[in-house]
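Commentary on secondary and tertiary structure
Single-letter residue listing:
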Amino acid sequence: MALLQTIPELRQPAPGVELLCLPEPRFKRAQLGLSLDLPLDDGRAARTLLTEVLQQGSALLPNRRDLSRALQEAYGAGCSMYTDRNGENHRMGVSLGWVGERFLPPGTTVVPQLLDLVRNMLENPRRGKNGSPFDLEVVDRERALLLQRVAERKDDRPSYAEERFIRLMCADEPYGLQSWDSEQAVASLTAEDLEAARVDLLARARITAVVVGPCDPDVISAWLADVFGDRKEIAVLPEVARPVPGKIREVREQLEMDQAQFHYGFRYAEPKNKRDYEALGFACSVLGGGSHGRLFRVVREEKSLAYGIYAMQRARKGLVTVAAGIDARAAEEVRAEVDKQLKDLQENGPTAEEMEMVLVNRLDRLRGLSDSGYELATYFVREHSLGLNRSPADRAALLQDLKPEEIARAAQALVPDMVYLLSGEKS
């Protein structure tokens, strides 16, 4: 399968708005993604609940049934919203997908009504009685559901362990904050808080939009200019905090559970160029990017010290984290083996077999982007956020040109910061 050689056209249709355009005719469906970013400030709880409330209906389509009917009448279009931590920012995301016009009856278009649907959800929400900015019954219900999800997060032990690990390792950084703030913050929210958050979000958020697939980008650009063209004061997003680790920190916490969760965090300085970025990602994959990674092959398969073990690169933040499900009694041995494998990679680089396995794995992922407009859109938003802007073909060529000594040198940038263990045993 051929690798995509083009990169999106970058437009700036409104203040604080960037639009990535890739009108690829190969896809049946077009995808529009909006990412609205603000700092992880005290308004994040309200924005998180707001996103749930907005999806319950607008003034023109006042309930979920009406919204679903409108999307189905647009030949099975889809629309969703979410909020999450994005690096050290708080992001509200909007995803809109629809069938390309060449697959619809002649003369049929669905784009204008779908863009109107999104605009009404954002600008003209369903209001409540007696001047309330939102229907209080909807606010109460969605608040209760959000609080339930927050309270239940401990039931997913691996996810909760990761949450605690990041919270502790990045305790003095925005990256350590939860996207919903806290249970207390959510519980105290009012309809007026949600309205203030909605107005502020539309007025100040930094917006990255991406459109991929069979669609006229001029239509999207004009819509963004119309919706956001009058904005005056755009939020300043925080610089990414990249503290230099000192002595390795060690934390153990207890929670009733069968399988302990082990996490090991490393930091690195921002790579100097695209080649260094790629080499570092390659090194992370050699270490623990899947079943081909050293940690899986050695720690799990050869030594049976883990039920599963992987390494993840968090490129925007400058972290590489190792996560494993283990027997708590094996924690020190697992840690020692991670140190051993990383040191060997730093000193000797990957083997020829590892180079081949990782290359095949990463090239397959790049080729797979040609099959999904959504995945391609996600890829280019990430590239844009990192300032890299590489086509899949450019990345593939760079990957195939990397040398083992470059991978070793990239691995040397990893500095250990924290070891964390969540288990059912008392520390």
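As shown above, the structure is provided for reference.
One numbering rule holds for all chains: residues counted from 1, following each sequence as written. At least 70 in pLDDT is required for a residue's local features to be given in this predicted model, at least 80 for side-chain atom pairs to be given and counted, and no such filter applies to totals for whole chains, interfaces and linings, which use all residues. Only hydrogens and water are removed before side-chain values are computed, so all heavy atoms of the structure are retained for them.

**Some words on the environment of L10**
What counts as a helix is a DSSP run of H or I of at least four residues, what counts as a strand is a run of E of at least two, and both are numbered from the N terminus. Mapped onto the fold, L10 is located in strand β1 (residues 9-14). L10 sits in the partly exposed class, given a relative accessible area of 45%. Here, two residues are considered to be in contact whenever any of their heavy atoms come within 4.5 Å of each other. L10 has contacts with E18, L19, L20 and H384, leaving out every residue within four places of it along the chain. Using a 1.4 Å probe on the protein chains alone, a residue whose accessible area is under 20% of its type maximum counts as buried, one over 50% counts as exposed, and one in between counts as partly exposed.

**As for the sheet that holds strand β8 (residues 260-267)**
Pairing between strands requires that DSSP locate at least two bridges from one strand to the other. Judged by pairing direction, the sheet is mixed, and its five strands sit side by side in the order β7-β11-β8-β10-β9 without closing on themselves. Strand pairing shows two members of the sheet lacking a second neighbour, β7 (249-254) and β9 (308-314), which therefore form its edges. Along the sheet, successive strands turn relative to each other by an average axial angle of 15 degrees, direction set aside. Sheet topology places β7 next to strand β11 (residues 415-423); six bridges connect them, and they run parallel. Counterpart to E250 in the pairing with β11 is V419. Fitted lines through C-alpha atoms serve as axes, helices being fitted only where they are in contact, and the angles separating the N-to-C directions of these axes extend from 0 to 180 degrees. Sheet strands in contact with helix α5 (residues 157-169) are β7, β8, β9, β10 (319-326) and β11, and its direction is about 35 degrees off that of β8. On top of the sheet, helix α10 (residues 294-302) reaches β9 and β10; it is set at about 155 degrees to β9, its chief contact.

**Considerations on the packing of aromatic side chains**
A pair of Phe, Tyr and Trp rings is counted when the ring centres sit within 6.5 Å of each other, with Trp represented by its six-membered ring. The angle between the planes then sorts it: under 30 degrees is stacked, over 60 is edge-to-face, the rest tilted. Inspection of every chain in the model, using the stated rule, returns five aromatic pairs. When the ring of F262 is compared with that of Y264, the centres are 6.3 Å apart and the planes differ by 85 degrees; the resulting orientation is edge-to-face. Classification of Y264 by relative accessible area gives buried; the value is 0%. A ring pair is formed by Y379 and F380, whose centres lie 5.1 Å apart and whose planes are at 75 degrees; its orientation type is edge-to-face. Each member of the pair, Y379 as well as F380, carries the same accessibility label: buried. Grouping aromatic residues by their ring pairs yields a cluster made of F262, Y264 and F266.

**Here we look at the pattern of salt bridges**
Think of a salt bridge as a Lys or Arg side-chain nitrogen and an Asp or Glu carboxyl oxygen that are within 4 Å of each other. Counted under the stated rule, the structure contains 41 salt bridges. In this structure, R143 engages D140 in a salt bridge whose closest nitrogen and oxygen atoms are separated by 3.0 Å. Residue R143 and its partner D140 are located together in helix α4 (residues 136-151), separated by three residues, close to a single helical turn. For the salt bridge of R294 with E354, the shortest nitrogen-to-oxygen distance reads 2.7 Å. With R294 in helix α10 and E354 in helix α12 (residues 352-368), the pair connects residues that are 60 residues apart, well separated along the chain. For the pair R294 and E354, a shared accessibility class is recorded, and that class is buried. Salt bridges sharing partners connect three or more residues here, namely E88, E173, R249, R267, K317 and D417.

These figures capture arrangement, not role.
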